[in-house]
Amino acid sequence: MTVLTEQSEKTQCWFCGSENAAEAQFCEACGKLQPSAPLDYFQFFGLPRRLQLDRVALEKQFYRLSRKLHPDVYARASAQEQQWSLEKSSLLNDAWRTLRDPLARTEYVLELEDIRLEEQSRDATDAAAASGTAKEQIVPPDLLEEVFELNMQLEEMRMAHASGENDPELQGNLEAAKQNFNAQLIAAEQQLQALWSEWDEAADANNPAAKQTAQQKMVDLLNRRSYIRNLVRDVQEVLGS
Amino acid sequence: MAYSEKVIEHYNNPRNVGQMDKSSTEVGTGLVGAPECGDVMRLQIKVNPLTRVIEDAKFKTFGCGSAIASSSLATEWVKGKTVDEALEIKNTDIVKELSLPPVKIHCSVLAEDAIRAAIGDWKKKNVVGGEQVSASAAVAAN
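Remember, it's a predicted structure, so these values are computed and weren't measured experimentally.

*Asks:* Just checking my understanding: could you explain the nonpolar core for this structure?
*Replies:* For soluble globular proteins, nonpolar side chains are generally found buried alongside one another. Ranked by internal contacts, the top residues of the largest apolar core, which has 47 residues, are M41, L110, A114 and I115 of chain B. Non-local contacts of A114 of chain B, meaning those with residues more than four positions away in its chain, are made with G30, V32, M41, L43, S71 and A74 of chain B. Listed in part, the 20 residues of the second largest apolar core include L51, L69, W96 and L99 of chain A.

*Asks:* What's the story with unusual backbone geometry in this structure? I'm lost.
*Replies:* Apart from glycine, the bulk of residues carry a negative phi angle, and the bulk of peptide bonds sit in the trans form. Although it is not a glycine, N206 of chain A adopts a positive phi angle of roughly 55°. Along the chain, N206 of chain A turns up in the loop between helix 7 (168-204) and helix 8 (208-240). Accessibility expressed as a C-beta count within 10 Å gives 9 for N206 of chain A, which makes it exposed. Phi at N16 of chain B is positive, roughly 60°, even though this residue is not glycine. Mapped onto the fold, N16 of chain B is located in the loop between helix 1 (5-12) and strand 1 (27-34).

*Asks:* I would appreciate a short explanation of the domain arrangement of chain A in the present structure.
*Replies:* For interface size, the figure often reported is the accessible area lost on association. All names here are of chain A. Assigned domains within chain A: domain 1 (10-100) and domain 2 (138-240). Inter-centroid distance (C-alpha atoms) of domain 1 to domain 2 is 38 Å. Each side of the interface is counted separately: domain 1 has four residues, and domain 2 has five residues. A breakdown of the residues in the side of domain 1 that touches domain 2 according to their chemical character gives one nonpolar, one polar and two charged.

*Asks:* Where do I start with the pairing of strand 1 of chain B in this structure?
*Replies:* Looking along a regular strand, one sees the side chains alternate between the two faces of the sheet. All names here are of chain B. Of all the eight residues making up strand 1, eight are buried; the element is thus mostly covered by neighbouring parts of the structure. Going residue by residue along strand 1, you find V27, T29, L31 and G33 tucked away on one face and G28, G30, V32 and A34 tucked away on the opposite face as well. As judged from the eight bridges shared by strand 1 and strand 2 (residues 39-47), these two strands associate in the antiparallel manner. Within strand 2, the position partnered with V32 by the bridge is M41.

*Asks:* Where do I start with the sheet that holds strand 3 (residues 54-62) of chain B in this structure?
*Replies:* Hydrogen bonds between backbone groups are what pair the strands of a sheet, and the pairing can be parallel or antiparallel. Residue and element names in this part refer to chain B. The antiparallel open sheet is built from three strands, whose spatial order is 1-2-3. Each of the sheet's edge strands pairs with one partner strand only, and the pair in question is strand 1 and strand 3. On average, each strand axis in the sheet is inclined to that of its neighbour by 15°, with strand direction left out of account. When strand 2 meets strand 3, the two strands line up antiparallel, connected through eight bridges. Within the sheet, the bridge partner assigned to R42 lies in strand 3 and is K60. This element, helix 5 (residues 105-125), spans strand 1 and strand 2 of the sheet and lies at about 150° to strand 1.

*Asks:* Mind showing me how you'd approach the packing of helix 6 (residues 141-162) of chain A against helix 8 of chain A here?
*Replies:* Think of two packed helices as two axes; the pair is described by the angle between the axes and how far apart they sit. Residues and elements named next belong to chain A. At a closest axis distance of 10 Å, the pairing of helix 6 and helix 8 adopts a crossing angle of 5°. Between helix 6 and helix 8, the angle is such that the two are roughly parallel. Here helix 6 contributes L143, V147, L150, L154, M157, R158 and H161 to the contact with helix 8, which in turn contributes R224, Y227, L231, D234, V235 and V238. Of the residues that constitute the contact of helix 6 with helix 8, the class distribution is nine nonpolar, one polar and three charged.

Thresholds applied
- Residues numbered from 1 in each chain as written.
- Chains lettered and ligands numbered in written order.
- Predicted model: local features only at pLDDT ≥ 70, side-chain atom pairs only at ≥ 80, totals over all residues.
- Core = buried A, V, L, I, M, F, W, Y, C linked by C-beta atoms within 7 Å.
- Buried ≥ 20, exposed ≤ 12 C-beta atoms within 10 Å, placed from the backbone.
- Contact = placed C-beta atoms within 7 Å.
- Helix = DSSP H or I, 4+ residues; strand = E, 2+ residues; numbered from the N terminus.
- Domains from an automatic or database assignment.
- Nonpolar A, V, L, I, M, F, W, Y, C, P; charged D, E, K, R; others polar.
- Pairing = 2+ DSSP bridges.
- Axes fitted to C-alpha atoms, helices over the stretch in contact; angles between N-to-C directions.
- Parallel < 35°, antiparallel > 145°, perpendicular 65-115°, else oblique.

Next comes the structure, spelled out in structure tokens:
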């Protein structure tokens, strides 16, 4: 397996003493399973920390590793190796679920880069309470206004809808709202992909300032997206009822 | 996860739902959001310019039961308080009153943010040359 990680620390194989990359799952020389090192999901897959990734290659690697790490393979091995196999199999599944999902992967990378969406919000609240000022909203005020307005309209439609009359105009408005939200959701996903390449390029160039700029844009976009996702969910609920 | 009885009570009978005239100088409006869950909350206060007492409060929240209950409770609590007293309300008080579980603490944070934002908006409207209009109005009234 090709190891593309940026780390180059070495460890010795517990069995044959050969030198291996710290993130190696198996000894290059004797093939023995290596202890569970604290690896992030990218390192675990032997991938560089990048947002754009090859889904097919990731999937292949997942199936390859799940076979090789499976606890059944170690049924007759030492208790220590059985334990490692269990730990690694569980980590493998978490890593796979996170990396294959575009949003989960983005959030995970932001977390690895020490950005936590919820904590940002909490910190801003604490700062506001300490200084006695209104909290600086993480979401731009015009987006909040827009989301609030859309929610108001949606509620009006929902109430009219619930009161039973099958108003074709209302139905049309709902369909239009749904299309609008869906289009915004798709647009957000496209913007996210553009930000992935922006971030990856910054990471390739080892440019922390450019990485941070891209990260902040991703945070803003993910925040916006969670509002739109709720609107999509709500309008579908009204139309479906 | 089950909601506490108080949350359910506020959710079923939310207090002070509605809106007030945003453009009135006596009204402060706070619009805040919790991006993590996509909630959005608007809280408005109507302040007596002479006494600085919050005489009325309204809210409208799009979000989960805990967010609705937190804002409903916030409007109840700010009513009758002066703006300075209302600034003392902490999200932890709301958490305690509603027995919110850890995953819903951000709803109470949102309510605290909303109170602060509404008061901030009111203050902004009522400051002339760095001095509170209400203070000079109080002097004039004497």
